[in-house]
There are 2 protein chains.
Amino acid sequence: MTPRKKQSSAPSPHAVSMADLARELGVSMTTVSRALSDHHSIGAATKQRVLKLAKKLNYQPNHLAAALRKGQSRLLGVVVPYIEGKFFPSVIQGIEQAASKAGFSVIVCQSHEDVQLERRNVETLLHAQVAGVLVSLARNTLEFHHFDKVRERGIPLVFFDRIPASEFVNSVVLDDRAGGFAATNHLLEQGCRRVAHLAGPQHLNIYRQRQQGYLDALAAHGLEPQQELIIYSDMTQEEGAQATRQLLTLANPIDGIFGAGDSVILGALQTLKGQGIRVPRDIALAGFSNEGFTAITEPRLTSVDQRCEEMGEAAVRLFLELAAAPEAQFQQRQVVLQPELFIRESSLQAVG
Amino acid sequence: MTPRKKQSSAPSPHAVSMADLARELGVSMTTVSRALSDHHSIGAATKQRVLKLAKKLNYQPNHLAAALRKGQSRLLGVVVPYIEGKFFPSVIQGIEQAASKAGFSVIVCQSHEDVQLERRNVETLLHAQVAGVLVSLARNTLEFHHFDKVRERGIPLVFFDRIPASEFVNSVVLDDRAGGFAATNHLLEQGCRRVAHLAGPQHLNIYRQRQQGYLDALAAHGLEPQQELIIYSDMTQEEGAQATRQLLTLANPIDGIFGAGDSVILGALQTLKGQGIRVPRDIALAGFSNEGFTAITEPRLTSVDQRCEEMGEAAVRLFLELAAAPEAQFQQRQVVLQPELFIRESSLQAVG
DNA sequence: TTGTACGCGTTATCAG
DNA sequence: CTGATAACGCGTACAA
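What counts, and at which threshold
Residues numbered from 1 in each chain as written. Chains lettered and ligands numbered in written order. Predicted model: local features only at pLDDT ≥ 70, side-chain atom pairs only at ≥ 80, totals over all residues. Heavy atoms only, no water. Near = heavy atom within 4 Å. Polar contact = N/O pair within 3.5 Å; in protein donor to acceptor, adjacent residues only side chain to side chain. Helix = DSSP H or I, 4+ residues; strand = E, 2+ residues; numbered from the N terminus. Nonpolar A, V, L, I, M, F, W, Y, C, P; charged D, E, K, R; others polar. Least-squares fit on C-alpha atoms with pLDDT ≥ 70 in both. Contact = heavy atoms within 4.5 Å. Buried area = accessible area lost by both parts, 1.4 Å probe. Salt bridge = Lys/Arg side-chain N within 4 Å of Asp/Glu carboxyl O. UniProt positions renumbered as here; feature names shortened; annotations may be inferred. Axes fitted to C-alpha atoms, helices over the stretch in contact; angles between N-to-C directions. Parallel < 35°, antiparallel > 145°, perpendicular 65-115°, else oblique. Pairing = 2+ DSSP bridges. Buried < 20%, exposed > 50% of the residue type's maximum accessible area, 1.4 Å probe, protein only. pLDDT = per-residue confidence, 0-100.

**Considerations on the protein's contact with DNA strand C**
Taken together, 24 residues form the shell around DNA strand C, and within it Tyr 59 and Arg 69 of chain A together with Thr 30, Thr 31 and Arg 69 of chain B come nearest. At the protein interface, 56% of the atoms of DNA strand C within 4 Å belong to sugar or phosphate. The separation between a phosphate oxygen of DNA strand C and a polar side-chain atom of Tyr 59 of chain A is 2.5 Å. At a separation of 2.4 Å, a phosphate oxygen of DNA strand C approaches a polar side-chain atom of Thr 31 of chain B. Secondary-structure elements contributing two or more residues to the surface near DNA strand C are α2 (29-36) and α4 (63-70) of chain A together with α2 (29-36) and α4 (63-70) of chain B. Split by residue class, the surface near DNA strand C holds nine nonpolar, ten polar and five charged.

**Observations concerning the relation of the copies chain B and chain A**
Between chain B and chain A, the superposition needs a rotation of 180 degrees and an axial shift of 0.0 Å, giving an RMSD of 0.2 Å. Between the two chains, the operation in question is that of a two-fold axis. No C-alpha of chain B approaches the rotation axis more nearly than that of Ile 107 of chain B, which lies at 2.3 Å. Residue by residue, 100% of the interface of chain B is reproduced at the interface of chain A, so both copies engage with the same surface.

**Quick word on the interface of chain B and chain A**
Counting residues at the interface gives 45 residues for chain B, matched by 45 residues for chain A. Of the roughly 3,800 Å² buried at the junction of chain B and chain A (both faces included), carbon and sulfur atoms supply 53%. By the criterion of area lost to chain A, the three top residues of chain B are Gln 60, Leu 64 and Ile 296 of chain B, representing 17% of everything that side buries. At the boundary of chain B with chain A, the tally comes to two salt bridges. For Lys 273 of chain A, the salt bridge goes to Glu 298 of chain B, with nearest N and O atoms at 2.7 Å. Our enumeration of links across chain B and chain A arrives at eight residue pairs in polar contact (both at pLDDT 80 or more).

**Some words on the UniProt feature "domain: HTH cro/C1-type" (unreviewed entry) in chain A**
Look at the UniProt record and you will see "domain: HTH cro/C1-type" (unreviewed entry) annotated at residues 17-64 of chain A. For residues 17-64 of chain A, the end-to-end C-alpha separation is 12 Å, with 65% helix and 0% strand making up the annotated structure.

**Let's talk about the packing of α2 of chain A against helix α3 (residues 44-56) of chain A**
Packed helices, taken two at a time, are described by the angle between their axes plus the distance between the axes. Residues and elements named next belong to chain A. Where α2 contacts α3, the axes come no closer than 9 Å and their chain directions differ by 85 degrees. It follows that α2 is roughly perpendicular to α3 by the angle criterion. Seen from α2, the contacting residues are Thr 31, Val 32, Ala 35 and Leu 36; seen from α3, they are Thr 46, Lys 47, Val 50, Leu 51 and Ala 54. Here the contact of α2 with α3 is composed, by residue class, of six nonpolar, two polar and one charged.

**Quick look at the sheet that holds strand β12 (residues 340-342) of chain A**
Residue and element names in this part refer to chain A. As summarised here, the arrangement of the six strands in space is β7-β6-β8-β9-β10-β12, forming an open sheet in which the pairing is mixed. Both edges of this open sheet fall to β7 (230-232) and β12, since each of them pairs with a single strand only. Across the sheet, the axes of successive neighbouring strands diverge by a mean angle of 20 degrees, strand direction being ignored. Judged from the four bridges that link them, strand β6 (residues 195-199) and strand β8 (residues 256-259) form a sheet pairing that is parallel. Bridged to His 197 within β8 is Phe 258. Of the strands in this sheet, β6, β7, β8 and β9 (284-288) are in contact with helix α9 (residues 205-220), which crosses β6 at around 170 degrees.

**Focus on unusual backbone geometry**
Between Glu 298 of chain A and the following residue, Pro 299 of chain A, the backbone shows a cis peptide bond with an omega angle of 0 degrees. Turning to its location among the elements, Pro 299 of chain A is positioned in the loop between β9 and β10 (302-305). Looking along the chain, the bond that leaves Val 279 of chain B and enters Pro 280 of chain B is cis, with omega of 10 degrees. Mapped onto the fold, Pro 280 of chain B is located in the loop between α11 (262-274) and β9 (284-288). Of note, Asp 38 of chain A is a non-glycine position whose phi angle comes to about 60 degrees, a positive value. Within the element layout of this structure, Asp 38 of chain A appears in the loop between α2 and α3. For His 112 of chain A, which is not glycine, the phi dihedral falls at a positive 50 degrees. Note that His 112 of chain A resides in the loop between β2 (105-110) and α6 (115-127). For His 112 of chain A, a relative accessible area of 31% corresponds to the partly exposed category.

**With respect to the pattern of salt bridges**
Residue and element names in this part refer to chain B. One pass over the full model with this rule turns up 28 salt bridges over all chains. In this structure, the salt-bridge partner of Glu 113 is Arg 162, at a minimum N-O distance of 3.0 Å. Of this pair, Glu 113 sits in the loop between β2 (105-110) and α6 (115-127) while Arg 162 sits in the loop between β4 (157-160) and β5 (170-174), and the two are 49 residues apart along the sequence. What makes Arg 162 buried here is its relative accessible area of 2%.

**Structural notes on the protein's contact with DNA strand D**
With respect to spatial proximity, 23 residues lie near DNA strand D, and among them Thr 31 and Gly 43 of chain A together with Met 18, Tyr 59 and Arg 69 of chain B are the closest. Sugar and phosphate atoms form 55% of the subset of DNA strand D atoms that lie within 4 Å of the protein. A distance of 3.0 Å is found between a base oxygen of DNA strand D and a side-chain nitrogen or oxygen belonging to Arg 34 of chain A. Secondary structure elements with two or more residues in the surface near DNA strand D: α2 and α4 of chain A together with α2 and α4 of chain B.

**Concerning the confidence of the model for chain A**
Low pLDDT means the predicted atomic positions in that stretch should not be read closely. Of all residues in chain A, 93% have pLDDT values of 70 or greater, and the mean over the chain is 89. Under a pLDDT of 50 for its full length, residues 1-13 of chain A has, in the predicted model, one contact with residues more than four places off or in other chains.

**Considerations on the UniProt feature "domain: HTH lacI-type" (unreviewed entry) in chain A**
Within this structure's numbering, the places UniProt gives as "domain: HTH lacI-type" (unreviewed entry) are residues 16-70 of chain A. Helix and strand shares over residues 16-70 of chain A are 67% and 0% respectively, and the end C-alpha atoms of the span are 21 Å apart.

Structure, rendered in structure tokens:
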């Protein structure tokens, strides 16, 4: 009815702005802004007055407005394939902590292993005006044009774990090759002579590297790699079971399996037990990811830990560096973390 | 060097705004705005021209500015205790899908079971100017003043799963009591006569309800509840093991255990197997949450499924209703979902 | 149907 | 050290 009528002292129901503080104190908005952002040229007394009133009126800064003005928000966008299991939640945990320390909030989107959704996620994040984008690729992402927009806008872009194949990007990865080596080497040191490998999709860097580590270990022990011992799949539990059945038909029997994931090894374990084959005595097992369930199975599963939290932290650190030096983002910068092998009963040959 | 010099036609490197489109087309910003938001009073021809140029110049709407203008963003804030395990990821999945359908993006924050962090999360979300807040409480949240600010700002607030004890709030919950009943009743029907209960912290609604369901089932079978059969803990695997050891010392032996969570039952299972007690023949087991690992253990664990995705969807629906009718948010509105019992070997008495 | 002008809450620039 | 003023990009009464 009387839209223009100035409410004298009753604060507007939603939100109290810098203007309100300024009016109340009889100073300018500039002064208020400076007091709140701890600018150097501000009287100590004035500053205190402002801060006090701000607390009293429960002033909440409108970050949207600040972001609009500065063309930069304090939001960090993260795109991951999924958040089930142990790996991604833990990485996100690392991201959140490091981001929070630097004053950033985190938005998480899931691509559900679908490029289409990944594309939309990137759009969403750009719409939200994020200050940076952290991505782990969907399984079927083979083309990367949807990330061009991010770069074009000058927004720092960091890939982690699953990174583009042959692109000039900034990234944080685990030394998957070293992990594959450690696991396979361990099996060989336990006395295995014919170790099979349940490999993942080879267009993903991580699975290529894990296989490479497997091959390295064989070579280090003077063994020839054999076609029939390497089985490719999407590494589900089901596929692990199937692959294992296939391996059991070989004339020359195997005595160890290194899987590029834990689920695939879980499938293997269940199949072996179902057939009365003893683990690790007959066939020893080692997986990758150190999932929670590796400590539940019987026997418990040996697995490679991926330093999840560290990866998240490293990704944020890299983002912060890129944000500080905008022109640096066209460089290729790669952080490599060292994995750690967790040895459990599935791979330990009884002593004596 | 020449900061004020107007670049004639070269678009500014970052972002192309409505003003750019308007200038290029020789129309006003209003027209552009209307064309883009599909306003009714806009010439079809003009609209096409605008849309075409927008696509050509790769115009990206600045949602921040829109949000600032309208005092409302299209962001939905979610606070959960953690994202490990199955439950919360699945709920979030449900939230994301429903939110996306309604044109909202989702920010997820973890409280890590810490009220302090939960408080900060709420602040963060308010700073991000979210349009709504969806919360599942931290384990040690006993006071709820940090949510007052949300209400004061007129932002829809929906609790799910772990909700405040005696507060007038809008919420989505599972019928935990029915779940507790179903699981316990099933054990009793399988022939158990002395069923113990591994209970959770009673200040959390969900665990109170599950215990209530346990008691209901006992009563339905004409059994008296007994103090010594109910053991309270935080329901970790470790505590499940410990509680089980304690139960095994009872003079009058038990023949079944219903746990308010799956981890606690996992601990029980391992302890029982370690002591050579057969499951389910000697003692039958049933848990709650239908975690992934319930299908891995030997025997596999009977458990109550929580309809995670549905819960997420329901929470978003409730949010949308509140957003549509702002005055309704002080009502108490509760959506209750029905659980489903997944029966596996841990509770099945061999026939004959 | 289209255009003008203002304000959302903040910060940067410049002048005092 | 402080204040006035102009943006940031968008939506919307109001006028044409």
